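Listed below, chain by chain, are the residues.
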Amino acid sequence: EKNGYEHFMLKEIFEQPEVVRATIVPRLSMNEEQVKLDRIHITKEELDNTNRIYIVACGTAYHAGLVGKYLLEKMARLPVWAETASEFRYRDPVLDSHSLVIVISQSGETADTLAALRMAKRAGARVMAIVNVVGSTMDREAENVLYTWAGPEIAVASTKAYSCQLAAMYLLVLYLSRMQGTLSREEFAILRQELYALPEEIQSILERAESIRHIVASTVQKSVFYIGRGLDYYASMEGSLKLKEIAYIHSEAYAAGELKHGPIAMIDGDTLVIGLITQQELTEKTVSNLKEVKARGAKVICIAEEGNEKVTEAADEVIWIPKSHPMAASLLANIVQQLFAYYMAVKLGNDVDKPRNLAKSVTVE
Ligand code: M6R
């Protein structure tokens, strides 16, 4: 049932405040000092005994994994590698009882991700699954499970499942940081409030959907670059994937600082550059990259936090998002990207919910 929406994708985009709330609130409301995660059994002793963590997933779920890697290192001071499952399973990673492998999957059935989970178990590693479908194969086979409460996702392009994967990741980061002793009670209390505020912040972006549709209507560029730094780079990868997947527009995601090492040669008047700037301390750096592409004729759209006026120096258009904690701000920027890709696909007359050549879950290799 589309509930009056034109497509499942749009319906699922608009469900995000509710499902992110469902993923976050019950885990945070019980205890003032720690996150409550039902099926996570890792003890402090086991964590101390872990010398590497791998986060393994495909597609959009992999992009959530990159965010997890970044935050687990920054906040919990744990060494983490994030990798696509199809690469991980065919190389020979160092895996033993000192490893923890976290797989992320909406369906819980993706063939490569499942194979990575089984490989980790065979090697004696601890395994954890962040999954959306209760009762799926990964849910059944992983010893530790963290559910995303996104509900059924019908559109092939993942939207609400991704936001819930990020939300689950934030919870896991807080949980492991508390266990590690790298996050004080006071810092935990602040982050808890920030996470509680997320659903409303998402809502306020959804209320601006019409203005994003207008920007899409006036955008004609043939090729698109998404650029950002840090967490914004990972969000860029997700924005770019969504545009390819449903709008069939050639797009690439680049770490903003890498542009001048090659791809800037491609920038001309037919290029659109979408710059993500949610990490305040990196503003100047990315703004200067945007000025470089603008000087070469590209159209520049910037997604940035309200109040960060500096970005207007380099952008033709700015899509503002509410100011949030740096940990979660790129989730908000991605809501804009979802709407951007959606309206672009609609404008081009594509089959939004069932894009060509794609299946909802890839259960063959
Ligand atoms: O069910 P999974 O989360 O394991 O699926 C992984 C990818 O196939 C999936 O995220 C894919 O990239 C989406 N179609 C992206 O929108």
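Here the structure is a predicted model, which means the values were calculated and not measured.

What counts, and at which threshold
Residues numbered from 1 in each chain as written. Predicted model: local features only at pLDDT ≥ 70, side-chain atom pairs only at ≥ 80, totals over all residues. Heavy atoms only, no water. Helix = DSSP H or I, 4+ residues; strand = E, 2+ residues; numbered from the N terminus. Buried < 20%, exposed > 50% of the residue type's maximum accessible area, 1.4 Å probe, protein only. Contact = heavy atoms within 4.5 Å. Areas by Shrake-Rupley, 256 points an atom, 1.4 Å probe, with all protein chains shown as cover. Lys, Arg positive; Asp, Glu negative; His and termini not counted. Charge placed at Lys NZ, Arg CZ, Asp CG, Glu CD. Core = buried A, V, L, I, M, F, W, Y, C linked by side-chain atoms within 4.5 Å. 1 Å grid on protein atoms, 1.4 Å probe; cavity = no way out; pocket = protein on both sides within 12 Å on 5 of 7 lines; lining within 4 Å. Points joined across faces, edges and corners; volume = space filled by probe spheres on them. Nonpolar A, V, L, I, M, F, W, Y, C, P; charged D, E, K, R; others polar. Pairing = 2+ DSSP bridges. Axes fitted to C-alpha atoms, helices over the stretch in contact; angles between N-to-C directions. Parallel < 35°, antiparallel > 145°, perpendicular 65-115°, else oblique. Near = heavy atom within 4 Å. Polar contact = N/O pair within 3.5 Å; in protein donor to acceptor, adjacent residues only side chain to side chain. Sits in = over half its atoms within 2 Å of the grid points.

Trainee: Residue-level account of the overall build of the protein chain, with values.
Mentor: Within the protein chain, the secondary structure is distributed over 13 helices and 10 strands. By its C-alpha atoms, the protein chain is 55 × 45 × 45 Å across when sized along the principal axes. Here the protein chain holds 365 residues, and 59% of them are scored as buried. Expressed as a percentage of contacts within the protein chain between residues at least 6 apart in sequence, the contacts between residues at least 24 apart total 75%. A total of about 14,400 Å² of accessible surface is found on the protein chain, and carbon and sulfur atoms cover 50% of it. Side chains of the protein chain give 40 positive and 48 negative charges; the mean places of these two sets differ by 2 Å.

Trainee: Summarise the nonpolar core; cite the residues concerned and give the values.
Mentor: Formed by 96 residues in total, the largest nonpolar core has its most connected members in Tyr170, Leu172, Leu174, Leu195, Leu198, Leu243 and Phe340. Not counting chain neighbours up to four residues away, the residues in contact with Leu174 comprise Gln34, Val35, Met75, Leu183, Phe188, Leu191, Leu195 and Met327. By size, the runner-up hydrophobic cluster in this structure holds 20 residues, among which are Val101, Leu117, Ala125 and Val131.

Trainee: Could you give an account of empty space enclosed by the protein, naming the residues involved and the relevant values?
Mentor: This structure, assessed with the given rule, holds 1 cavity of 30 Å³ or more. Of the volumes computed, that of the largest cavity is approximately 40 Å³. As for the largest cavity, its lining consists of Arg27, Leu37, Asp38, Arg39, Val145, Leu146 and Tyr147. In terms of residue count, the dominant contributor to the lining of the largest cavity is strand 5 (residues 144-147) (3 residues). When grouped by side-chain class, the residues that make up the lining of the largest cavity number 4 nonpolar, no polar and 3 charged.

Trainee: Got a sec to walk through the pairing of strand 6 (residues 223-228)? Specific residues and values, please.
Mentor: Across the 6 residues of strand 6, 6 count as buried, placing the element largely inside the fold. Neither face of strand 6 is exposed, since Ser223, Phe225 and Ile227 on one face and Val224, Tyr226 and Gly228 on the opposite face are all buried. Taken together, the 6 bridges between strand 6 and strand 7 (residues 250-255) define a ladder with parallel strand orientation. Looking across to strand 7, one finds that Tyr226 is bridged to Ala253.

Trainee: Residues and numbers for the packing of helix 8 (residues 160-180) against helix 9 (residues 185-206), please.
Mentor: Two numbers describe how helix 8 lies on helix 9: the axes approach to 11 Å, and their chain directions differ by 170°. In terms of orientation, helix 8 lies roughly antiparallel with respect to helix 9. Every residue of helix 9 that contacts helix 8 at Tyr170, Leu171, Leu174 and Arg178 is listed here: Arg185, Phe188, Leu191, Leu195 and Leu198. Along the lines of polarity and charge, the residues of the contact of helix 8 with helix 9 split into 7 nonpolar, no polar and 2 charged.

Trainee: Tell me what's going on with the site of the ligand, and back it up with residues and numbers.
Mentor: Near the ligand there are 13 residues, and of these Ser105, Gln106, Ser107, Thr110 and Glu245 occur at the shortest range. Within the contact set of the ligand, a nitrogen atom lies 3.1 Å away from a backbone nitrogen or oxygen of Val156. In the model, a nitrogen atom of the ligand is placed 2.5 Å from a nitrogen or oxygen of the Glu245 side chain. Coverage of the ligand by the protein chains reaches 90% of its 410 Å² of free accessible surface. One can see that the ligand is located within the largest pocket. In terms of residue count, the dominant contributor to the shell around the ligand is helix 4 (residues 59-76) (3 residues).

Trainee: Give a detailed account of the side chain of Glu153, specifying residues and quantitative values.
Mentor: Here Glu153 lies in the loop between strand 5 and helix 8. A polar contact of 3.2 Å, which involves the side chain of Glu153, links it to the side chain of Ser158. There is a polar contact of 3.3 Å between the side chain of Glu153 and the backbone nitrogen of Lys160. Setting aside anything within four residues of it in sequence, one finds Glu153 in contact with Glu12, Gln106, Ser158, Thr159, Lys160, Ala161 and Lys360.

Trainee: Let's hear about the layout of surface pockets: which residues, and what values?
Mentor: Roughly 540 Å³ of volume is contained in the largest pocket. Surrounding the largest pocket, 28 residues form its lining, Cys58, Gly59, Thr60, Lys360 and Val362 being those nearest its centre. Breaking the lining of the largest pocket down by element, the ones donating at least two residues are helix 4, strand 3 (99-105), helix 6 (111-122), helix 8 and helix 11 (231-247).

Trainee: How would you summarise the sheet that holds strand 9 (residues 299-305) if you had to cite specific residues and measurements?
Mentor: To summarise the sheet geometry, strands pair through backbone hydrogen bonds and adopt either a parallel or an antiparallel arrangement. An order of 7-6-8-9-10 is seen for the 5 strands of this open sheet, with the pairing classed as parallel. Each edge of the open sheet is held by one strand with a lone partner, namely strand 7 and strand 10 (317-321). When the angles between neighbouring strand axes are averaged without regard to direction, this sheet yields 20°. Summarising the sheet, strand 8 (residues 271-277) and strand 9 pair through 6 bridges and their orientation is parallel.

Trainee: Summarise the side chain of Arg89; cite the residues concerned and give the values.
Mentor: Positionally, Arg89 belongs in the loop between helix 5 (85-88) and strand 3. Within the structure, Arg89 has its side chain in polar contact with the side chain of Asp112 (distance 2.7 Å). Setting aside residues up to four positions removed in sequence, Arg89 forms contacts with Ala111, Asp112, Ala115, Met119 and Glu365.

Trainee: Break down the sheet that holds strand 1 (residues 52-57) for me, citing the residues and quoting the values.
Mentor: Read from one edge of the open sheet, 5 strands run 2-1-3-4-5, paired in parallel fashion. Looking at strand neighbours, the two that pair on one side only are strand 2 (80-84) and strand 5, the edges of this open sheet. Strand-to-strand twist across the sheet, computed as the mean angle between neighbouring axes with direction ignored, equals 20°. As paired strands, strand 1 and strand 2 are joined by 5 bridges and run parallel to one another. Looking across to strand 2, one finds that Ala57 is bridged to Thr84. The strands touched by helix 6 within the sheet are strand 1, strand 3 and strand 4 (126-131), with strand 3 carrying the most contacts at an inclination of about 160°.

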